[in-house]
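Here's the letter readout for the chains.
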Amino acid sequence: MPTPSMEDYIEQIYMLIEEKGYARVSDIAEALSVHPSSVTKMVQKLDKDDYLVYEKYRGLILTPKGKKIGKRLVFRHELLEQFLKIIGVKEENIYNDVEGIEHHLSWDAIDRIGDLVQFFEEDGKRVDELKEIQRQNENV
């Protein structure tokens, strides 16, 4: 399994390729707020570990393994954002909260959160009831 840092790179590369059709070292560096030399080192490691194919000055492509993991990492991120919205976390906190927890949860926990999100989305009244409980607790 990739390290949390590798996951961040794979996720970002996957999103860039989905959005633009390609991912360059400079794009990745900008998106992750890191130096291009750091991206180059990580990209070389990801190439060595068969997550992507990197050719200096030519760009990179995700391998099937890299695409599969990238897609799952994006799903995890979006699911956690959705979950935090449902439970009433303030919008301005959601991104940083997701970044803080996403690497520390097992895939089992992610699957259970997915079940919970599905439970709430199947019946809008459930979300309304949760928000009412939250309002009541704020007034205590």
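Below you will find a few notes about this structure. Given the structure is predicted, the values throughout are model-derived calculations rather than measurements. Residue indices begin from 1 for each chain and proceed along its sequence in written order. With the structure being a predicted model, the display of local features is reserved for residues of pLDDT at least 70 and the display and counting of side-chain atom pairs for 80 or more, all residues being used for whole-chain, interface and lining totals. Hydrogens and water molecules were not included; the side-chain quantities draw on all heavy atoms of the structure.

Brief notes about the overall build of the protein
So, step 1. Helix and strand counts for the protein stand at seven helices and two strands.
So, step 2. The helix and strand labels rest on DSSP assignments: H or I over at least four residues marks a helix, E over at least two residues marks a strand, and numbering proceeds from the N terminus. Put simply, the protein runs from its N terminus to its C terminus through helices and strands in the order α-α-α-β-β-α-α-α-α.
So, step 3. Along the longest, intermediate and shortest principal axes, the C-alpha atoms of the protein span 60 × 25 × 25 Å.
So, step 4. Here the term buried applies to any residue with accessible area under 20% of the maximum for its type, exposed to any over 50%, and partly exposed to those in between, with areas from a 1.4 Å probe on protein chains only. Counting over 140 residues, the protein shows a buried share of 34%.
So, step 5. Carbon and sulfur atoms form 52% of the exposed surface of the protein, whose accessible area is close to 9,100 Å².
So, step 6. If the 20 positive side-chain charges of the protein are averaged to one point and the 28 negative ones to another, these points end up 6 Å apart. Using a 1.4 Å probe, accessible areas were evaluated by the Shrake-Rupley method; residue-level cover was limited to the displayed protein chains. Working convention for charge: Lys and Arg count positive, Asp and Glu count negative, and His plus the chain ends are omitted. Note that the charge is assigned to NZ on lysines, CZ on arginines, CG on aspartates and CD on glutamates.

Describing the nonpolar core
So, step 1. Grouped together as the largest cluster of nonpolar side chains are 22 residues, with contacts concentrated most on Ile 13, Ile 28, Val 39, Val 43, Leu 46, Leu 52 and Leu 60.
So, step 2. Looking at this core, the elements with two or more residues in it are helix H1 (4–20), helix H2 (25–32), helix H3 (36–48), strand S1 (52–55), strand S2 (59–62) and helix H4 (64–86).
So, step 3. Examining the composition of this core, we find that six residues originate from one element, H1, more than from any other.
So, step 4. Whether two residues are in contact is decided by their heavy atoms, any of which lying within 4.5 Å being enough. In contact with Ile 28, other than residues within four places in its own chain, are Tyr 9, Ile 13, Leu 16, Ala 23, Val 39, Val 43 and Leu 60.
So, step 5. We call a set of buried Ala, Val, Leu, Ile, Met, Phe, Trp, Tyr and Cys residues a nonpolar core when their side-chain atoms join them within 4.5 Å. By size, the runner-up hydrophobic cluster in this structure holds 13 residues, among which are Phe 83, Ile 94, Val 98 and Val 117.

Overview of the packing of aromatic side chains
So, step 1. Two aromatic rings from Phe, Tyr or Trp, using only the six-membered ring of Trp, form a pair when their centres are within 6.5 Å; if the ring planes differ by under 30 degrees the pair is stacked, by over 60 it is edge-to-face, and anything between is tilted. Inspection of every chain in the model, using the stated rule, returns one aromatic pair.
So, step 2. Two limits define a charge over a ring: the Lys NZ or Arg CZ must be within 6 Å of the ring centre, and within 35 degrees of the ring normal. One Lys or Arg, Arg 72, reaches over the ring of Trp 107 and ends 3.9 Å from the middle of that ring.
So, step 3. Positioned above the aromatic ring of Phe 119 is the side chain of Arg 126, whose terminal nitrogen or guanidinium carbon lies 3.8 Å from the ring centre.

Some remarks on the pattern of salt bridges
So, step 1. What makes a salt bridge here is a side-chain nitrogen of Lys or Arg within 4 Å of a carboxyl oxygen of Asp or Glu, nothing more. In total, this model carries nine salt bridges according to the counting rule given.
So, step 2. The partner of Arg 76 in a salt bridge is Glu 102, with the nearest N and O atoms 4.0 Å apart. A residue pair is termed long-range when its members are at least 10 positions apart, and Arg 76 in helix H4 and Glu 102 in the loop between helix H5 (91–101) and helix H6 (107–122) qualify at 26 residues. The pair formed by Arg 76 and Glu 102 is uniform in burial state, with each residue classed as buried.

The quantities given are spatial measurements derived from coordinates; they are silent on function.
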